[in-house]
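Results of the structural survey
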Amino acid sequence: ETGVTQSPTHLIKTRGQQVTLRCSSQSGHNTVSWYQQALGQGPQFIFQYYREEENGRGNFPPRFSGLQFPNYSSELNVNALELDDSALYLCASSAGLAGVQETQYFGPGTRLLVL
Amino acid sequence: AQSVTQLDSQVPVFEEAPVELRCNYSSSVSVYLFWYVQYPNQGLQLLLKYLSGSTLVKGINGFEAEFNKSQTSFHLRKPSVHISDTAEYFCAVRNSGNTPLVFGKGTRLSVIA
């Protein structure tokens, strides 16, 4: 069974640029959630996708957007990068939606540095 | 809104000593509770979870946690730690229904030889 994978592992961008981060879900999982983990903080929920549609969003501006594909892989796009966007971005996949047995399994993350 | 408080930002402990990492959450009718571990430069790994049933939950690597509804706590314990347990530990909670995980700020466990 393949776990959750993310690419790239590290990325350096400058302010104002755009970035795309990618995530492949664990086999059999149809829900993906994205989190931002700033240095020294716990992960914060950005949004969740279920069967290619956004299904829940945290307190992040619209320049944070996403996609989920038919194979349940996912992208996180961030436009007009700001210095405060520097963080570890984590993707988590789970099976089903709102089920009581739902547990999220995390990928290794993409570390983004904005200069 | 749900919130999680991890009372200790750092916990140093000697090897083979017991450890308790504390976690409190804001009250809710029905919650699901999780502990994740994050090793340096890695993602999060699930240690254990409480969904229902027995309030004492056993996880991987010898960790266990106890759900205490009256005190809204979910403290993580291990009777004897190893150097390899050095990591960041995150407590997380979600309500029933389609709600996201809410994480605490983490506790850095440092095991000293």
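Details of the structure are given in the entry above.
In this report, the structure presented in the accompanying data block is examined. Just so you know, these numbers come straight off a predicted model, no measurement behind them.

Conventions used here
Residues numbered from 1 in each chain as written. Chains lettered and ligands numbered in written order. Predicted model: local features only at pLDDT ≥ 70, side-chain atom pairs only at ≥ 80, totals over all residues. Heavy atoms only, no water. Core = buried A, V, L, I, M, F, W, Y, C linked by side-chain atoms within 4.5 Å. Buried < 20%, exposed > 50% of the residue type's maximum accessible area, 1.4 Å probe, protein only. Helix = DSSP H or I, 4+ residues; strand = E, 2+ residues; numbered from the N terminus. Contact = heavy atoms within 4.5 Å. Buried area = accessible area lost by both parts, 1.4 Å probe. Salt bridge = Lys/Arg side-chain N within 4 Å of Asp/Glu carboxyl O. Polar contact = N/O pair within 3.5 Å; in protein donor to acceptor, adjacent residues only side chain to side chain. Nonpolar A, V, L, I, M, F, W, Y, C, P; charged D, E, K, R; others polar. Phe/Tyr/Trp six-rings, centres within 6.5 Å; stacked < 30°, edge-to-face > 60°. Pairing = 2+ DSSP bridges.

1. Focus on the nonpolar core
- Grouped together as the largest cluster of nonpolar side chains are 28 residues, with contacts concentrated most on L33, W35, L47, L48, F74, L76 and Y89 of chain B.
- Sorting the residues of this core by element identifies strand 2 (10-14), strand 3 (19-21), strand 5 (31-38), strand 6 (44-50), strand 8 (64-68), strand 9 (73-78), strand 10 (87-95) and strand 12 (107-112) of chain B as the ones contributing at least two each.
- Not counting residues within four places of it along the chain, the set of residues in contact with L76 of chain B comprises V19, E20, L21, W35, L47, L48, F63, E64, A65 and Y89 of chain B.
- Counting residues in hydrophobic clusters, the runner-up holds 19 residues, among them W34, L81, C91 and L112 of chain A.

2. Structural notes on the interface of chain A and chain B
- Across the contact, 22 residues belong to chain A and 19 residues belong to chain B.
- Counting each side, the surface lost to burial between chain A and chain B is near 1600 Å², with a carbon and sulfur contribution of 52%.
- The tally of links from chain A across to chain B stands at zero salt bridges.
- For the interface between chain A and chain B, the tally reads four residue pairs in polar contact (both at pLDDT 80 or more).
- The set of elements that each furnish at least two residues to the side of chain A that touches chain B consists of strand 4 (31-37), strand 5 (44-50) and strand 9 (87-94) of chain A.
- Residue classes in the side of chain A that touches chain B are distributed as 10 nonpolar, 11 polar and one charged.

3. Things to note about the packing of aromatic side chains
- Tallied over the entire structure, the rule returns 13 aromatic pairs over all chains.
- Measuring from ring centre to ring centre gives 5.1 Å for F106 of chain A and Y36 of chain B, while their planes differ by 80°; the resulting arrangement is edge-to-face. A residue pair is termed interchain when its members come from two chains, as with F106 of chain A in strand 10 (residues 105-106) and Y36 of chain B in strand 5. Each of the two residues, F106 of chain A as well as Y36 of chain B, counts as buried.
- Summarising the aromatic geometry, the rings of F106 of chain A and F103 of chain B are spaced 6.0 Å apart at their centres and angled 80° between planes, so their arrangement reads as edge-to-face. Of this pair, F106 of chain A sits in strand 10 while F103 of chain B sits in strand 11 (residues 102-103), each in a different chain.
- For F103 of chain B, a relative accessible area of 10% corresponds to the buried category.
- Through a chain of ring-to-ring contacts, the aromatic side chains of Y35, F45 and F106 of chain A together with F34, Y36, F90 and F103 of chain B assemble into a single cluster.

4. Here we look at the pairing of strand 5 of chain A
All names here are of chain A.
- Most of strand 5 sits inside the fold, with five of its seven residues counted as buried.
- Connecting strand 4 to the next strand, strand 5, in antiparallel fashion are six residues, including G40 with a positive phi near 80°.
- Between strand 5 and strand 6 (residues 53-57), which follow one another and run antiparallel, lie two residues, and R51 among them has a positive phi close to 50°.

Coordinates in, geometry out; function isn't part of it.
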